[in-house]
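# Analysis of the macromolecular model
Listed below are the residues making up each chain.
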Protein chains: 6
Amino acid sequence: MRISARNSINGTIISITKGVVNSEVVLDIGDGILVTSIISTHAVESLGLKEGVQAFAVIKSSEVMIAVD
Amino acid sequence: MRISARNSINGTIISITKGVVNSEVVLDIGDGILVTSIISTHAVESLGLKEGVQAFAVIKSSEVMIAVD
Amino acid sequence: MRISARNSINGTIISITKGVVNSEVVLDIGDGILVTSIISTHAVESLGLKEGVQAFAVIKSSEVMIAVD
Amino acid sequence: MRISARNSINGTIISITKGVVNSEVVLDIGDGILVTSIISTHAVESLGLKEGVQAFAVIKSSEVMIAVD
Amino acid sequence: MRISARNSINGTIISITKGVVNSEVVLDIGDGILVTSIISTHAVESLGLKEGVQAFAVIKSSEVMIAVD
Amino acid sequence: MRISARNSINGTIISITKGVVNSEVVLDIGDGILVTSIISTHAVESLGLKEGVQAFAVIKSSEVMIAVD
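Note that this is a predicted model, so its numbers are computed, not measured.

Once that is clear, we can look at the UniProt feature "domain: Mop" (unreviewed entry) in chain A. Mapped onto this structure's residue numbering, the UniProt feature "domain: Mop" (unreviewed entry) falls at residues 2-68 of chain A. When the span residues 2-68 of chain A is considered, its composition is 9% helix and 57% strand, and the gap between its end C-alpha atoms is 32 Å.

A few words now on the relation of the copies chain F and chain E. Under the fitted operation, chain F is carried onto chain E by 0.0 Å of movement along the axis and a turn of 180 degrees, and the coordinates agree to an RMSD of 0.0 Å. The symmetry that links the two subunits is that of a two-fold axis. For chain F, the minimum C-alpha distance to the rotation axis belongs to E63 of chain F and amounts to 3.2 Å.

Our next topic: the pairing of strand 4 (residues 34-40) of chain E. Along any regular strand the residues' side chains alternate between the sheet's two faces. Residue and element names in this part refer to chain E. A large share of strand 4 lies buried, amounting to six of its seven residues. The sheet contact formed by strand 3 (residues 22-28) and strand 4 spans seven bridges and is antiparallel. Following the sheet pairing, D28 is matched in strand 4 by L34. If you look at the hairpin formed by strand 3 and strand 4, you'll find five residues sitting between the two strands, and G30 has a positive phi there, around 100 degrees.

Turning next to the pairing of strand 6 (residues 65-68) of chain C. Residues M65 and A67 of chain C line one face of strand 6 of chain C and the alternating positions I66 and V68 of chain C line the opposite face, and both faces are buried. With three bridges connecting them, strand 6 of chain C and strand 5 (residues 54-59) of chain D associate as antiparallel partners. Each residue of the ladder has a partner; that of M65 of chain C, found in strand 5 of chain D, is V58 of chain D. Relative to strand 1 (residues 2-3) of chain E, strand 6 of chain C is paired through two bridges, and the arrangement is antiparallel. Paired with A67 of chain C across the two strands is I3 of chain E, which belongs to strand 1 of chain E.

Now for the pattern of salt bridges. For the coordinates displayed, the defined rule picks out twelve salt bridges over all chains. With a shortest N-O distance of 2.9 Å, E24 of chain D and R6 of chain C are connected by a salt bridge. Remark: R6 of chain C occurs in the loop between strand 1 (2-3) and strand 2 (7-18) and E24 of chain D occurs in strand 3 (residues 22-28); the pair is interchain, linking two chains.

Moving on: the interface of chain F and chain E. One frequent convention defines the size of an interface as the accessible area lost when the parts assemble. Across the contact, 34 residues belong to chain F and 34 residues belong to chain E. Taken over both partners, the interface formed by chain F and chain E buries close to 3,000 Å², and the fraction arising from carbon and sulfur atoms is 62%. If you look at where chain F meets chain E, you find two salt bridges. For the pair chain F and chain E, the number of links is twelve residue pairs in polar contact (both at pLDDT 80 or more). Counting only elements with at least two residues in the side of chain F that touches chain E, the list comes to strand 2 (7-18), strand 3 (22-28), strand 4 (34-40), strand 5 (54-59) and strand 6 (65-68) of chain F.

A separate point is the layout of surface pockets. A volume near 160 Å³ is recorded for the largest pocket. Around the largest pocket sit G19, V20, V21 and N22 of chain B, G19, V20, V21 and N22 of chain C together with G19, V20, V21 and N22 of chain E, which together line it.

A separate point is the interface of chain C and chain D. In this assembly, 34 residues from chain C lie in contact with 34 residues from chain D. Surface buried jointly by chain C and chain D totals about 3,100 Å² across both partners, of which 62% is contributed by carbon and sulfur atoms. Here chain C and chain D share two salt bridges between them. Counting every contact that joins chain C to chain D gives twelve residue pairs in polar contact (both at pLDDT 80 or more). Every element with two or more residues in the side of chain C that touches chain D is listed here: strand 2, strand 3 (22-28), strand 4 (34-40), strand 5 (54-59) and strand 6 of chain C. Looking at the side of chain C that touches chain D residue by residue, the classes come out as 22 nonpolar, six polar and six charged.

Take empty space enclosed by the protein next. Here the structure, examined in full by the defined rule, presents 13 cavities of 30 Å³ or more. Estimates place the volume of the largest cavity at around 150 Å³. Lining the largest cavity we find 18 residues, and of these S62 of chain A, N22 and I38 of chain B together with K60 and S62 of chain F sit closest to its centre. For the lining of the largest cavity, the leading source of residues is strand 4 (residues 34-40) of chain B, giving three residues. Within this model, the second largest cavity holds a volume of roughly 90 Å³. In terms of lining, the second largest cavity is formed by N22 and I38 of chain A, K60 and S62 of chain B, K60 and S62 of chain C, N22 and I38 of chain D, K60 and S62 of chain E together with N22 and I38 of chain F. For the lining of the second largest cavity, the residue count by class is three nonpolar, six polar and three charged.

The next subject is unusual backbone geometry. The phi torsion at D31 of chain A lies on the positive side, around 55 degrees, for a residue other than glycine. Judged by relative accessible area, D31 of chain A falls into the exposed class, the value being 61%.

What counts, and where the lines are drawn
Residues numbered from 1 in each chain as written. Chains lettered and ligands numbered in written order. Predicted model: local features only at pLDDT ≥ 70, side-chain atom pairs only at ≥ 80, totals over all residues. Heavy atoms only, no water. UniProt positions renumbered as here; feature names shortened; annotations may be inferred. Helix = DSSP H or I, 4+ residues; strand = E, 2+ residues; numbered from the N terminus. Least-squares fit on C-alpha atoms with pLDDT ≥ 70 in both. Buried < 20%, exposed > 50% of the residue type's maximum accessible area, 1.4 Å probe, protein only. Pairing = 2+ DSSP bridges. Salt bridge = Lys/Arg side-chain N within 4 Å of Asp/Glu carboxyl O. Contact = heavy atoms within 4.5 Å. Buried area = accessible area lost by both parts, 1.4 Å probe. Polar contact = N/O pair within 3.5 Å; in protein donor to acceptor, adjacent residues only side chain to side chain. 1 Å grid on protein atoms, 1.4 Å probe; cavity = no way out; pocket = protein on both sides within 12 Å on 5 of 7 lines; lining within 4 Å. Points joined across faces, edges and corners; volume = space filled by probe spheres on them. Nonpolar A, V, L, I, M, F, W, Y, C, P; charged D, E, K, R; others polar.

Structure, rendered in structure tokens:
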């Protein structure tokens, strides 16, 4: 499947915190940069996500803001 | 200002495409990884964004999806 | 690629309206139900989207609201 | 109230999973298509949502992505 | 129609900037506070939005971030 | 830090409801208007958010819908 979301960044899952409905998944994408995602707990289980698994952070470009110092 | 959005990734602006209402801003965050953002053209102008400027891609964690091969 | 977004609805593209940065894509998912998407014009072109093409509307569950009469 | 969100799909609630802050609501919109929504538990209660109730999945078009095989 | 989005703030439309696909609508919600929305141009036209019209800014709570100085 | 999100509304935190992953934060922005935000519990703790604290509701304009009666 190819998707319109423009951002797809590869990394390794380093932690998963599960709630009843949502779970927090933290991905190490290298150079000490961590990306935090909150997805449904159902998705975590159906995708078989675990610490150490390779995964992509996928982000629609309209959800990315820009900030400057 | 400190914000609740959990993801803030530093990079260099490499291109800006301006529409009437929205603009596409592409950030090089290193290691050949590009992050594409779509923000309002008003914001591009008020933040003084230009190619070569250092900026952060800021993303609320609930907007980050996870994908696996 | 399998993605955490929980909603993936199959349909046929019936119209595409292109702007400089964003494009509006309308999908017929059957039973007279149309789903409208706004994605980047770049994505429309890189995915080769055209009228008549089969495609999926993919929606993260946290972006779906519920309304009642 | 008429709202700018372009997508409003009618269905029947078939399950509700409640967390402290968020709840997952699954809607059957016909033809075996399920739409999953995550909204606040407060909203589930104030709208009186229950299994079997008719409801609409409402989605802003800029939150709909497109994917192709 | 009652919707799960928790934020609905009343105001007066003070400007509309139309693009091909998206339009920027600015609402004065009182006390000098302006709220800017970007919605589809189709929605602006189908809702008959014009300067001076009373309207609501409607925002899903999961789209609201919190910042502190 | 200056951010591209166009909406930044000042208020006082009047309640925080913490879940495992997400927390609901309600802000009083004056004139009896409450703004509800759902952010990660981690962010609530790292920003030191508490009842009575001054904070800003920050919202990307593409997340603001418009409704009319």
